[in-house]
Amino acid sequence: MDRDPRFKSGDGYLDAVYEPVPNSYDPSPDLFHWKKRHWITVSVDTSALMLEVWSLNQNVLDDFIQEAREFYLKRSVPPPEIIGSDSLLVAGTFESDDISYTWILEYLQSQNIMTDVVEFNFSTQQSAAGWSPKGKKETIHALPSSSSVHRFRWRSHWVQVNLYRDSQITIRFHSCDKSVLLDFIEAARLKYNEAAISRVNVHLTDGYANWGRVVAKSRRSFSTLILPDGIKETLLADIQEFTENEQWYAFAGVPHRRGYLLYGDPGTGKSTTVHALAGELGMEIYFVSLASPGVNNHTLGELFHSTPSHSILLIEDIDCAFPLRDDLSDEVASRDGYRETEMAEHRSEVTLAGLLNILDSVVSQEGRILIATTNHIDQLDPALIRPGRIDVKIKYSLAVDAQLENVFHRFYPGDKDPANPSGVQSGGGLTVSELEALAHEFAAAIPHSKYSIAQLQGYLLAWKNNPRGAVQGIPAWIALQEMEAAQAVRRGRREVNPSVGGDTADTVHGGDD
Ligand SMILES: Nc1ncnc2c1ncn2[C@@H]1O[C@H](COP(=O)(O)OP(=O)(O)OP(=O)(O)O)[C@@H](O)[C@H]1O
């Protein structure tokens, strides 16, 4: 008897289909009493199973199949391994160069499956993905080695996971309902975002135009950023305003993109700002260095294109990428011989024209936030930093008054400071007003606009828990800095002109007169 399928596939499982019995079918049947009411014979051969219900009521067979189906759905034994991809079951593949791979990997990790795995690949690379020894700080993490297969129950469905080492995950559901797969992906994405609240993910390029490895860094509080008043608040508000006003951009016919340039002396907090901003805004950082091998106009275009919106594309030290003009002229080169050598070392395959094209390109993601950093804004071509490409420029300077006091307070917050609930670094047993006075003294003893926060932090690290010592040690430290700076200048001169050799060279010059 050939009948239309009767069972609905709302749960995603295949419908039961009634087929005519083949002529050659002749297995020896088994008879059993179902529900103490109906006799059923079952005949099984290698390819088919035939049921005969000893009743004139056709519903008995339907009921029996329905019950078998429910039994199958609820069973605790995993279904057989699914091999190949020609099955009717719904499947999804996640490649390691896409962020969804990380969502799925971390989600699988959180589901506490793969307990039967005995072969691992270990890595000490910083990452949130992978299995770490329980209770230990994540210094090492493991992934099941190549081609492992795992089956587990997710919500009411059986799932099969094929993990191909570091490159691909395939998920197959024992269902043909696509929405189950989409629900699974959404659950993984939400879980990932939840966990990301305490960290910032930095995506790095794999050298072949793809975003590859993800480095998870712990989130840096915005309050630890020490900048002159108003700078960080203004920057944060500007980005928030940008992300919330997509419709305005569409209405005004302006591409929904924004570029920021953070420029200024080394160690003044440019990279730290990007890191803290990403944490504050719940965004991920996509980091590319234009001077990296393999990064050229083509690969950079691809990377721009595949950077998701609502994330930060960070280009650090953008000036290292190319000389002032693509054709570095003699005039520019001779202006600063030292710089010429530095540029030759870092010469990028990305050209200025190429970068301008990419920045303006229509294939660039909408909602893109680009942040570039440089120590040498004067080396950048004006075309690169015109509005539309770079909309906001922020200067980072060496530490001034308020910053000096601020960095001191960060190191010695005082035991009772509410901003220091952990009490990690104390105020050395001093009262809040004593620490205030020392912070003033510290700021007064250091010349303004001469040292970076990074330098000062380096100094203060040597005086952990000893704020008085830190203030008293300042004159000696400054003397040391000045001596080192003078030596560096002499070394720089020698590199440009080897005939100039510190004290000896001065004497030679003296002889020339
Ligand atoms: N303004 C700042 N606020 C808080 N920490 C800072 C600040 N400036 C520097 N630091 C500290 O100094 C270190 C170096 O800072 P960062 O890398 O952000 O400097 P940078 O301006 O990006 O330097 P470069 O131009 O050399 O890349 C970081 O560890 C950071 O903690």
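Residues numbered from 1 in each chain as written. Predicted model: local features only at pLDDT ≥ 70, side-chain atom pairs only at ≥ 80, totals over all residues. Heavy atoms only, no water.

The name an unreviewed UniProt entry gives the protein is P-loop containing nucleoside triphosphate hydrolase protein, with Mycena albidolilacea as the organism. Under the UniProt heading Catalytic activity (unreviewed entry), the note attached to the protein is "ATP + H2O = ADP + phosphate + H(+)". (UniProt positions renumbered as here; feature names shortened; annotations may be inferred.)

Draft legend 1. Summary view of the pattern of salt bridges. Under the defined criterion, the tally for this structure stands at seven salt bridges. In this structure, Lys35 engages Glu67 in a salt bridge whose closest nitrogen and oxygen atoms are separated by 3.0 Å. A residue pair is termed long-range when its members are at least 10 positions apart, and Lys35 in the loop between strand 1 (30-34) and strand 2 (38-44) and Glu67 in helix 1 (residues 59-74) qualify at 32 residues. Residue Glu482 pairs with Lys450 through a salt bridge whose shortest N-O separation is 3.2 Å. Taken together, the residues Glu482 in helix 15 (residues 474-496) and Lys450 in the loop between helix 12 (432-445) and helix 13 (453-461) connect sequence positions 32 residues apart. Judged by relative accessible area, Lys450 falls into the partly exposed class, the value being 39%. (Salt bridge = Lys/Arg side-chain N within 4 Å of Asp/Glu carboxyl O. Helix = DSSP H or I, 4+ residues; strand = E, 2+ residues; numbered from the N terminus. Buried < 20%, exposed > 50% of the residue type's maximum accessible area, 1.4 Å probe, protein only.)

Draft legend 2. Molecular detail of unusual backbone geometry. Non-glycine residue Lys36 carries a positive phi angle of around 55 degrees. Along the chain, the position of Lys36 falls in the loop between strand 1 and strand 2. Note on Lys36: relative accessible area 74%, which makes it exposed. The backbone phi angle of Arg155 is positive, close to 50 degrees, even though this residue is not glycine. Relative to the elements of secondary structure, Arg155 occurs in the loop between strand 7 (148-154) and strand 8 (157-164). A relative accessible area of 57% means that Arg155 is categorised as exposed.

Draft legend 3. Molecular detail of the site of the ligand. The environment of the ligand is made up of 17 residues, and the closest members are Ile226, Lys270, Ser271, Thr272 and Asn375. With respect to the ligand, the side chain of Lys270 contributes an N or O atom lying 2.7 Å from an oxygen atom. Asn375 places a side-chain nitrogen or oxygen 2.7 Å from an oxygen atom of the ligand. Surface burial for the ligand is 79%, taken as the share of its 620 Å² of free accessible area covered by protein chains. Contributions of two or more residues to the shell around the ligand are made by helix 6 (270-281) and helix 13. Residues of the shell around the ligand, tallied by class, amount to six nonpolar, eight polar and three charged. Two domains each provide a minimum of three residues to the shell around the ligand, namely domain 3 (211-396) and domain 4 (401-472). (Near = heavy atom within 4 Å. Polar contact = N/O pair within 3.5 Å; in protein donor to acceptor, adjacent residues only side chain to side chain. Areas by Shrake-Rupley, 256 points an atom, 1.4 Å probe, with all protein chains shown as cover. Nonpolar A, V, L, I, M, F, W, Y, C, P; charged D, E, K, R; others polar. Domains from an automatic or database assignment.)

Draft legend 4. Representation of a positive patch on the surface. On the surface, a cluster of positive charge is contributed by Arg490, Arg491, Arg493 and Arg494. With respect to the element layout, Arg494 can be found in helix 15. Residue classification places Arg494 among the partly exposed residues on the basis of a relative accessible area of 35%. (Patch = residues over 30% accessible without salt bridge, like charges linked within 9 Å, V, L, I, M, F, W, Y side chains within 5 Å. Lys, Arg positive; Asp, Glu negative; His and termini not counted. Charge placed at Lys NZ, Arg CZ, Asp CG, Glu CD.)

Draft legend 5. Geometry of the sheet that holds strand 9 (residues 168-173). Ordered in space as 4-9-8-7, the four strands form an open sheet in which the pairing is antiparallel. Because the sheet does not close on itself, it has two edges, and the strands there are strand 4 (91-95) and strand 7. Geometrically, the sheet is characterised by an average inter-axis angle of 20 degrees between neighbouring strands, direction not taken into account. Where strand 7 and strand 8 come together, seven bridges link them in antiparallel fashion. Each residue of the ladder has a partner; that of His150, found in strand 8, is Val161. Seen against the sheet, helix 2 (residues 99-110) touches strand 4, strand 7, strand 8 and strand 9 and runs at an angle of roughly 65 degrees to strand 9. (Pairing = 2+ DSSP bridges. Axes fitted to C-alpha atoms, helices over the stretch in contact; angles between N-to-C directions. Contact = heavy atoms within 4.5 Å.)

Draft legend 6. Fine view of helix 6. Spanning 12 residues, helix 6 covers 17 Å between terminal C-alpha atoms, matching the ideal 16 Å at 1.5 Å per step. All buried positions along helix 6 are accounted for by Lys270, Thr273, Val274, His275, Ala276, Leu277, Ala278, Gly279 and Leu281. Just past helix 6, the residue Gly282 takes up positive phi, approximately 65 degrees. (Expected span 1.5 Å × (residues − 1).)

Draft legend 7. Seen up close, the packing of aromatic side chains. In total, this model carries 15 aromatic pairs according to the counting rule given. Seen from their ring centres, Phe32 and Phe64 are 6.1 Å apart, and the 50 degrees between their planes marks the pair as tilted. Of the two residues, Phe32 sits in strand 1 while Phe64 sits in helix 1, which places them 32 residues apart along the sequence. Ring geometry for Phe173 against Phe184: centres 5.5 Å apart, planes inclined by 75 degrees, an arrangement best described as edge-to-face. In this pair, Phe173 is assigned in strand 9 and Phe184 in helix 3 (residues 178-196), connecting sequence segments 11 residues apart. Assigned by exposure class, Phe173 and Phe184 land together as buried. Each residue in the set Tyr107, Trp154, Phe173 and Phe184 is aromatic and connected to the rest through ring pairs, giving one cluster. Above the face of the Tyr192 ring, Arg199 is positioned so that its terminal group lies 5.1 Å from the ring centre. (Phe/Tyr/Trp six-rings, centres within 6.5 Å; stacked < 30°, edge-to-face > 60°. Lys NZ or Arg CZ within 6 Å of the ring centre and 35° of its normal.)

Draft legend 8. Expanded view of the nonpolar core. Counting 53 residues, the largest nonpolar core has Leu108 and Ile171 as its most contacted members. The residues that make up this core include at least three from each of domain 2 (91-196) and domain 3 (211-396). Judged by nonpolar contacts, the second largest core, of 28 residues, contains Val202, Ile239, Leu277 and Leu281. (Core = buried A, V, L, I, M, F, W, Y, C linked by side-chain atoms within 4.5 Å.)

Draft legend 9. Here's a closer look at the sheet that holds strand 15 (residues 368-374). The strand order across the open sheet formed by seven strands is 11-10-13-14-15-12-16, and the pairing between neighbours is mixed. Looking at strand neighbours, the two that pair on one side only are strand 11 (211-218) and strand 16 (392-396), the edges of this open sheet. The average angle at which neighbouring strand axes cross in this sheet is 25 degrees, direction not considered.

Draft legend 10. Molecular detail of the pairing of strand 4. Residue alternation in strand 4 divides its side chains into a buried set, Gly92 and Phe94, and an unburied set, Ala91, Thr93 and Glu95. Summarising the sheet, strand 4 and strand 9 pair through five bridges and their orientation is antiparallel. Bridge pairing links Glu95 to Gln168 in strand 9.

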